[in-house]
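Geometric and topological summary
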Amino acid sequence: MPQRERMSAVDTAWLRMDRPTNLMMIVGVMVFNERIDFARLRNTVEARMVGRYRRFRQCAVQEVTGAWWQDDPDFDIEAHVKRRVLPGKAGKKELQALASELSVQPLNPGKPLWRFDLVENYNGGSALVARIHHSIADGIALVGVILSLTDLSPDAPAQRRSTAKHKEERTDDMPAGLLDTLVETLTSAFSMGTELGGKALTLASDADRLSTYGKYGIGLLTELAKLLAMPVDSPTSFKGKTSTVKRVAWCDPIPLGEVKALGKALGCSVNDILLAAVAGALRAYFQQKGESVEGVEVRAVIPVNLRSAKDEGTLGNRFGLGTLSLPVYEDNPFARLFLVRERMNELKNSYQPPLTLGLLAAVGVAPKMVQQQFLDILASKASAVMTNVPGPKQPLYLAGARLDQVMVWVPQSGDIGIGVSILSYNDKVQFGMVTDRHFVADPEAITPLFEAEFEKMLLALLMIDWETPLDPQQIEKQLFGKQMPPPLDASGAKPKAATARARTSAPTKSAARAKPVVHPKPAAATETPATARIPKRFRNLG
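Here is what the cut-offs are and how they apply
Residues numbered from 1 in each chain as written. Predicted model: local features only at pLDDT ≥ 70, side-chain atom pairs only at ≥ 80, totals over all residues. Heavy atoms only, no water. Pairing = 2+ DSSP bridges. Helix = DSSP H or I, 4+ residues; strand = E, 2+ residues; numbered from the N terminus. Axes fitted to C-alpha atoms, helices over the stretch in contact; angles between N-to-C directions. Core = buried A, V, L, I, M, F, W, Y, C linked by side-chain atoms within 4.5 Å. Buried < 20%, exposed > 50% of the residue type's maximum accessible area, 1.4 Å probe, protein only. Contact = heavy atoms within 4.5 Å. pLDDT = per-residue confidence, 0-100. Salt bridge = Lys/Arg side-chain N within 4 Å of Asp/Glu carboxyl O.

**Here we look at the sheet that holds strand E3 (residues 58-63)**
Here 3 strands make up an open sheet; going across it, the order is E1-E4-E3 and the pairing antiparallel. In this open sheet, the two edge strands, each paired with only one partner strand, are strand E1 (4-6) and E3. Each strand of the sheet is rotated relative to its neighbour by a mean of 30°, with strand direction disregarded. As paired strands, E3 and strand E4 (residues 66-71) are joined by 6 bridges and run antiparallel to one another.

This is the structure:
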């Protein structure tokens, strides 16, 4: 009998979440500047991924007693690494069409739930479309798996066919009950040493709450009453019933250095800048379609990584979910940015992500109908799923070919039909979208707007007085006559001077004692302080 092991409760929840209109596959597209040798790619995947992680040789088996990972006695690498040829001009349009088609093709349930399709004739080079079921691992873990296939040099020796024994991974035992599941999940988050984890541990240590959870199991939904009572976001064209037809699109990457410079000048994180650009792009798209943006907010579900140091190198799902309402109604790009920053700060201080992870573990051992009802309620609150994954800063090579672009989309659940991918690689940021045809039939009309909104913020910043040091609070006062909430410090806490009075236009004594703003490093001697802060490609606009 094939060897098998119990699937964790959280992974079981993701396995059972598949729907014909929303498959729980993580889809990645990688573009290379030259053709990849198929045999070398196959050998690399077999040795570095299948050989290291047993999970990629195992089938997901569901029984009355639960779900299991079971060895595939007939595993064949040839069934998982395939080659394809694009039709016509074999360009970006054709590759996007292929990725769209594959994103709705279910993986073979009788085989390990993953597949790589190598396109050997893409735009003079190659492309790879990777599909991996979410039950195997979360996006953070899978990015690590994909990176393990790459090299830092094109001259790295070719991988030979692997005959090595498979790595034995640490796996999570099935919790004895829902109570144990919740405590284990929240304690894992606490081990990160964050304020978020501390709140989670406080929740898990409450004897009355734990008694309720242990007695009623799924009654832990009571603790999430605030989340579930959240009203649905604005009724836009992003709402409705999903279909079995998806559309995939991506834009040209933008320089990460410019995003960092803009964030540093305004006291915002890179994530704040990128999410604000997404909000602006959605606003512009609605306006192009003649759709009202008055009072419109688009709520996004954002995966939050809860992995600790001990989870490094392991598969499985260890992330929670947070919600962020994008202020699409706001027409001023900086006002949008500071609203996004304020809301992200609130999310960083909440225990919503670890609590949702605990809840996923709970519904993973509850009847499937209960899980589906809960997820339908949660999905109805939002219109999109957005991920932002930091990748390596240097160029990488797979099977000897240089990786030029990479996009990754996580699946959407329920009737959510919009997925936004933000991924940094080689000092560039790549935006991509996957949309349901019922909501957005032309995502290629939205993706260029991401860069346009970023450029708008960058150019607007150039209009500020550049002869004096950049002070985010002063910029806010110049633009709106008021100050927005300051960013969190490195520990995740607000600066002591961040009081309600800091929001007024008149400075106070407490505001004067606020943590000093860190300005960009001094410019080189050949540049003036003003031009040093302007990206090179904008310095000759005058």
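**Quick notes on the nonpolar core**
One finds Val-29, Leu-41, Val-45, Phe-56, Leu-95, Trp-114 and Phe-116 to be the most contacted residues of the largest nonpolar core, which totals 66 residues. Element by element, the count of residues in this core is highest for strand E2 (residues 25-32), at 7 residues. Apart from the residues within four sequence positions on either side, Val-45 is in contact with Val-50, Ile-77, Val-81, Trp-114, Phe-116 and Leu-149. One finds Leu-324, Met-433, Met-457 and Leu-461 within the second-largest nonpolar core, a separate group that totals 53 residues.

**Focus on the confidence of the model for the chain**
Scored by pLDDT, the chain comes out at a mean of 79, with 73% of its residues at no less than 70. Segment residues 166-223 is flagged for pLDDT under 50; beyond a separation of four residues in sequence, or across chains, it makes 97 contacts in the model. Note on residues 488-492: pLDDT is under 50 here. Beyond four places in sequence and across chains, it has 8 contacts.

**Topic: the pattern of salt bridges**
Using the criterion set out here, one finds 19 salt bridges in the structure. Between Asp-151 and Arg-48 there is a salt bridge, with its nearest N and O atoms 3.1 Å apart. One end of the pair, Asp-151, is in the loop between helix H4 (139-147) and helix H5 (178-190); the other, Arg-48, is in helix H2 (residues 38-50), and 103 residues separate them in sequence. The salt bridge partner of Glu-297 is Arg-343, with a shortest N-O separation of 3.0 Å. With Glu-297 in the loop between helix H10 (270-288) and strand E10 (298-305) and Arg-343 in helix H11 (residues 333-348), the pair connects residues that are 46 residues apart, well separated along the chain. Here the residues in one salt-bridge network are Arg-84, Arg-115, Asp-117 and Arg-131, joined through shared partners.

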